[in-house]
Amino acid sequence: MNEPTRLHRLFILFPLVGSVKSLIPIAALVSIKFLNGKSLRDIPWYWLSAVIVILVSLLLLYGYLKWKRFVYTLEEDKILIRRGVLFREELSIYTGRIHSMNLEQPLLQRILGLTQVRIETPGKTEGGGILPAITNSEGERLQRWLREQTRTRQTEREVRQAHESSDPSDQSFPAPSERAAVQASETRENHESIQPSNQNMAYGSDPLTGSDFGATAGRDTADDPGTAEEERSTLLQLSSGRLLIAALSSPNLSLALAFVGGILSFADDLLPDQMYQSLFQSAGKLLPGSWISIAAVALIISWLLSAVLYTIKYAGFTVERIGKQISVSCGLLERKRLLFSPERVLAITVKEGVFRRWFGYAEVKVHVLTSESDKHFMLHPLLKTVDIPALLDRVTPQFSAQPITASPPPRAKWMYLRWKLAFAAIVSGACIWYFDKLGLLSLLLLPLSLAWGLLSHRDSGLNVTDKQLTIRSRFIAMSTRYIRRPQIIAMEVSGTRRQRRRGLLSLQVKMIFSEINESLNGMDQREIEAVRAWFQKKKGETSASAERSGPASSIEQL
């Protein structure tokens, strides 16, 4: 267990492959510029071959030294990584700080039949806890080792807690609950901010608490560690037909247009200026209808390109349960398998696109407390909306798909229409001024903006249950977010004087990560006050229990 282990020998090739991959575009541009007006006989092949051989040899030597000096050791309570060619680095990752251990297969590792292990810890630096090239069996062994360490730590903690609870001499004053100030203030627009106690954000001192790697749904295998880690169940698997429908019904036009823009920029740098300008000027004569037809064709190509990229990303989408953890794996070229505990889910988002809503389909995402830059995991790319409650009950039973019970009143429609109509009017005026009569077509933006605002008003709303807040809103797609009470950091209520005279308020819910904050505009004041009372009632109960268990705090508790 404590013997140092090296990466796979094929890791020696990684510096060479990485350098070749980064130099291919530069080599292509240099070759085109060099061959412009010259023949192949003018190329100094002997010198070029010698330079290539020397560079390859140096990169292979560097790869060998890097592989030789990269070792990791599994110790009793940590994994120790030593690496570095010129400067040695030693990284100790304690098991109590590990969020999860994910197995990934980027393109190079997938071709070579290897696996990359990514160890997630709080505040880790980029590339800190990564083992870039090990075998699949070694990756499974590392995950089994982490499960065993987690079970051992949980058993020791339970024994210690049972001993402390049974020892009468240890029943002294319990520690009071953590407290935080509740700030309430009004600005020029009467903003009110409410903050919960830190007790609601506590996840336990052990990041893996509640993630019993050895447990399996419906079966107690704690007494058999040899089989616990191998038992798993498949919750869902996306078929090829369903994946194709999901790809065609979720166009990512921004990504596709950025890709097309990159190709045009590359062509501008590659082609001679005269040829590029000639092609650009004559592009309007290629199809009937001039630029309108070209824009339609470009839109279709971008849509198909986004479908291809979506298929590559989510091919082989599978969700499994390993013990009490959820495993999500997908990817055609770069295979990834992400592990997370349901207890770490901060919120769930159900997104219904314009096309999908017509047929009753949606995508489901989970927002997880993790150290990764990407904290949003796809739980299902294409699911019938009637099946969402069953999915949440199987994967994240602490969440429930609640219907919307409160919507913005009719007097709040102007809040959803004003900025959309103003933007459409400005764009239409600019188009008419620049394109003259042709710009009159931009007046179609006004009824479209009107319909957009009315739909946003109709589809917005909220619902409050005992421990969950549900907020639904619409930008282009309709989004429903389920938020558990302990994950809310602060709640801000705002409204101008005019809005308050009309009995309207806006709500903003702030989470641990700002990316998943949620807001709702133009709600009836009574509905917002009910949400605020629900939020304060929880803190009042916490304060009362704290007064019974310990000395009173000098900080006001609402």
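In this convention, every chain numbers its residues from 1, walking through the sequence in written order. Residues qualify for local features only when their pLDDT is at least 70, as the model is predicted, and side-chain atom pairs are given and counted only at 80 or more; totals for whole chains, interfaces and linings, by contrast, use all residues. Think of the side-chain values as coming from all heavy atoms in the structure, minus any hydrogens and water.

Participant: Please explain the environment of Gln-116 as it appears in this structure.
Facilitator: The secondary structure listing takes helices from DSSP runs of H or I that are at least 4 residues long and strands from runs of E that are at least 2 residues long, numbered from the N terminus. If you trace the backbone, Gln-116 turns up in strand S6 (residues 115–120). When a residue's accessible area, from a 1.4 Å probe over protein chains only, is under 20% of the maximum for its type it is buried; when over 50% it is exposed; and in between it is partly exposed. You can call Gln-116 buried: its relative accessible area is 10%. In this structure, Gln-116 is in contact with Asn-102, Leu-103, Glu-104, Pro-106, Gln-109, Ile-130, Leu-131 and Pro-132, ignoring residues within four places of it in sequence. Nitrogen and oxygen atoms within 3.5 Å of one another constitute a polar contact, given that in protein one can donate a hydrogen and the other can accept it, and given that sequence-neighbouring residues count only through two side-chain atoms. A distance of 3.5 Å separates a polar atom in the side chain of Gln-116 from a polar atom in the side chain of Gln-109. The contact rule is simple, with two residues in contact once any of their heavy atoms fall within 4.5 Å.

Participant: Sorry, what's going on with the packing of helix H12 (residues 413–435) against helix H13 (residues 445–459) here?
Facilitator: Helix-helix packing is described using two parameters, namely the angle between the two axes and the distance between the axes. What counts as an axis is a line fitted to C-alpha atoms, over the stretch in contact for a helix, and the angles between N-to-C directions run from 0 to 180 degrees. Remark: H12 packs on H13, axes separated minimally by 8 Å, with the N-to-C direction vectors making an angle of 160°. The angle between the axes of H12 and H13 places the two elements in the roughly antiparallel class. Relative to H13, the crossing made by H12 is right-handed. Where H12 abuts H13, its residues Lys-413, Tyr-416, Leu-417, Lys-420, Leu-421, Ala-424, Ala-425, Val-427 and Ser-428 lie against Leu-445, Leu-446, Ser-449, Leu-450, Trp-452, Gly-453, Leu-454, Ser-456 and His-457. As a working rule, the residues Ala, Val, Leu, Ile, Met, Phe, Trp, Tyr, Cys and Pro are called nonpolar, Asp, Glu, Lys and Arg charged, and the rest polar, with Gly in that last group. Its residues assigned to classes, the contact of H12 with H13 comprises 11 nonpolar, 5 polar and 2 charged. Should an angle fall under 35 degrees it is taken as roughly parallel, and over 145 as roughly antiparallel, whereas 65 to 115 is taken as roughly perpendicular and any remaining angle as oblique. In this scheme the crossing of two helices becomes right-handed for a clockwise turn of the near helix relative to the far one and left-handed for an anticlockwise turn of less than a right angle.

Participant: Just checking my understanding: could you explain the sheet that holds strand S16 (residues 461–464) for this structure?
Facilitator: Pairing between the strands of a sheet comes from backbone hydrogen bonds, and it takes one of two forms, parallel or antiparallel. Read across the open sheet, the 6 strands follow the order S15-S14-S13-S18-S17-S16; overall the sheet is antiparallel. The sheet terminates laterally at strand S15 (376–384) and S16, the two strands that pair on one side only. Taken over all neighbouring pairs, the strand axes of this sheet differ in orientation by 15° on average, direction set aside. Being paired, for any two strands, means DSSP has found at least two bridges between them. Strand direction decides the pairing type here: strand S14 (residues 361–368) and S15, joined by 6 bridges, are antiparallel. When the bridges of S15 are listed, Lys-365 appears paired with Met-378.

Participant: Mind showing me how you'd approach a positive patch on the surface here?
Facilitator: In this analysis, a patch consists of residues with relative accessible area above 30% that form no salt bridge, clustered at 9 Å for like charges and at 5 Å for the nonpolar side chains Val, Leu, Ile, Met, Phe, Trp and Tyr. The Shrake-Rupley method, run with a 1.4 Å probe sphere, supplies the accessible areas, and residue values consider only the shown protein chains as cover. One speaks of a salt bridge when a side-chain nitrogen belonging to Lys or Arg is within 4 Å of a carboxyl oxygen belonging to Asp or Glu. In this charge count, Lys and Arg are treated as positive and Asp and Glu as negative; neither His nor the chain ends contribute. Every charge is mapped to an atom, namely NZ of Lys, CZ of Arg, CG of Asp or CD of Glu. Taken together, the side chains of Arg-418, Arg-497, Arg-498, Arg-501 and Arg-502 make up a positively charged region of the molecular surface. With 3 residues, the top contributor of residues to the positive patch is helix H14 (residues 497–501). Summarising the element assignment, Arg-418 is placed in helix H12. Residue Arg-418 is classed as partly exposed on the basis of its relative accessible area, which comes to 34%.

Participant: What is the right way to read the nonpolar core from this model?
Facilitator: Within soluble globular proteins, side chains that are nonpolar generally end up buried alongside one another. Nonpolar core, defined: a set of buried Ala, Val, Leu, Ile, Met, Phe, Trp, Tyr and Cys residues in which side-chain atoms within 4.5 Å join the residues together. Judged by nonpolar contacts, the single largest core of 35 residues is most densely connected at Phe-317, Val-319, Phe-340, Ile-348, Val-364 and Val-366. Secondary structure elements with two or more residues in this core: strand S9 (232–237), helix H6 (240–248), helix H9 (291–314), strand S11 (325–330), strand S13 (345–352), S14, S15 and helix H11 (388–395). Formed by 27 residues, the second largest nonpolar core is a distinct cluster that contains Leu-462, Leu-469, Met-491 and Trp-534.

Participant: Just checking my understanding: could you explain H6 for this structure?
Facilitator: One full turn of an α-helix is made of 3.6 residues, so residues set three or four places apart face in the same direction. Along H6, the residues that are buried comprise Leu-243, Ala-246 and Ala-247. The arc enclosing the buried residues of H6, seen along the axis, measures out at 100°, which places them on a common side. Note that the arc is defined by the directions from the helix axis to the C-beta atoms.

Participant: Just to check I follow, could you spell out the pairing of S16 for this structure?
Facilitator: Look at any regular strand and the pattern is simple: side chains alternate between the two faces of the sheet. Two elements, S16 and strand S17 (residues 468–474), share 4 bridges in a ladder whose sense is antiparallel. Pairing of Asn-463 across the sheet is with Thr-470, part of S17. Count of turn residues in the S16/S17 antiparallel hairpin: 3 residues.

Participant: Please explain the pattern of salt bridges as it appears in this structure.
Facilitator: Two side chains bearing opposite charge may form a pair once their charged atoms approach each other closely. Scanning the model with the defined rule gives 15 salt bridges in all. The closest approach of N and O atoms between Lys-78 and Glu-75, which form a salt bridge, is 3.8 Å. The exposure class of Glu-75 is partly exposed, given its relative accessible area of 24%. Note that Glu-518 is salt-bridged to Arg-481, the shortest N-O span being 3.3 Å. Remark: Arg-481 occurs in strand S18 (residues 478–484) and Glu-518 occurs in strand S21 (residues 518–524); sequence separation between them is 37 residues.

Participant: Any chance you could explain the sheet that holds strand S12 (residues 335–340) here in plain terms?
Facilitator: Here we have 7 strands laid out as an open sheet, ordered S7-S6-S5-S12-S11-S10-S9, and antiparallel in their pairing. At either end of the open sheet lies a strand with only one pairing partner, and these are strand S7 (130–134) and S9. Ignoring strand direction, the axes of neighbouring strands in this sheet form an average angle of 20°. Here 5 bridges tie S9 to strand S10 (residues 318–322), and the two strands are oriented antiparallel to one another. Within S10, the position partnered with Leu-236 by the bridge is Val-319. Running at roughly 160° to S9, H11 makes contact with S9, S10 and S11 of the sheet.

Participant: It is not clear to me how H13 should be interpreted in this structure. Could you clarify?
Facilitator: Here a helix's expected span is defined as the number of its residues, less one, multiplied by 1.5 Å. The terminal C-alpha atoms of H13, which comprises 15 residues, lie 21 Å apart, in line with the 21 Å expected from a rise of 1.5 Å per residue. Turning to H13, its buried residues number three or more, namely Ser-449, Gly-453, Ser-456, His-457 and Asp-459. Lining the buried residues of H13 we find helix H10 (354–359), H12, S16, S17 and S18.

Participant: For this particular structure, what's the right way to read the confidence of the model for the protein?
Facilitator: Atomic detail in the predicted coordinates should be set aside for any region of low pLDDT. What pLDDT conveys is the predictor's confidence in a given residue, as a value from 0 to 100. Confidence in the prediction of the protein, expressed as mean pLDDT, is 76, and 71% of residues score 70 or more. Throughout residues 542–558 the model reports pLDDT below 50, and contacts reaching past four residues in sequence, or to other chains, amount to 16 contacts.

Participant: What is the right way to read the packing of aromatic side chains from this model?
Facilitator: Any pair of aromatic rings gets described here by the distance separating the centres and the angle formed by the planes. Ring geometry is summarised as follows: Phe, Tyr and Trp rings, the Trp one being its six-membered ring, pair when their centres sit within 6.5 Å, and such pairs are stacked at plane angles under 30 degrees, edge-to-face over 60 and tilted between the two. This structure, assessed with the given rule, holds 9 aromatic pairs. An angle of 50° between the planes, with centres 4.8 Å apart, marks the rings of Tyr-310 and Tyr-314 as tilted. One end of the pair, Tyr-310, and the other, Tyr-314, are both in helix H9, 4 residues apart, so they sit about a helical turn from each other. Just as Tyr-310 is buried, Tyr-314 falls in that class too. Both rings, one in Tyr-314 and one in Phe-317, keep their centres 6.2 Å apart while their planes meet at 65°; by these two values the pair is edge-to-face. Pair check on accessibility: Tyr-314 and Phe-317 agree, each one buried.

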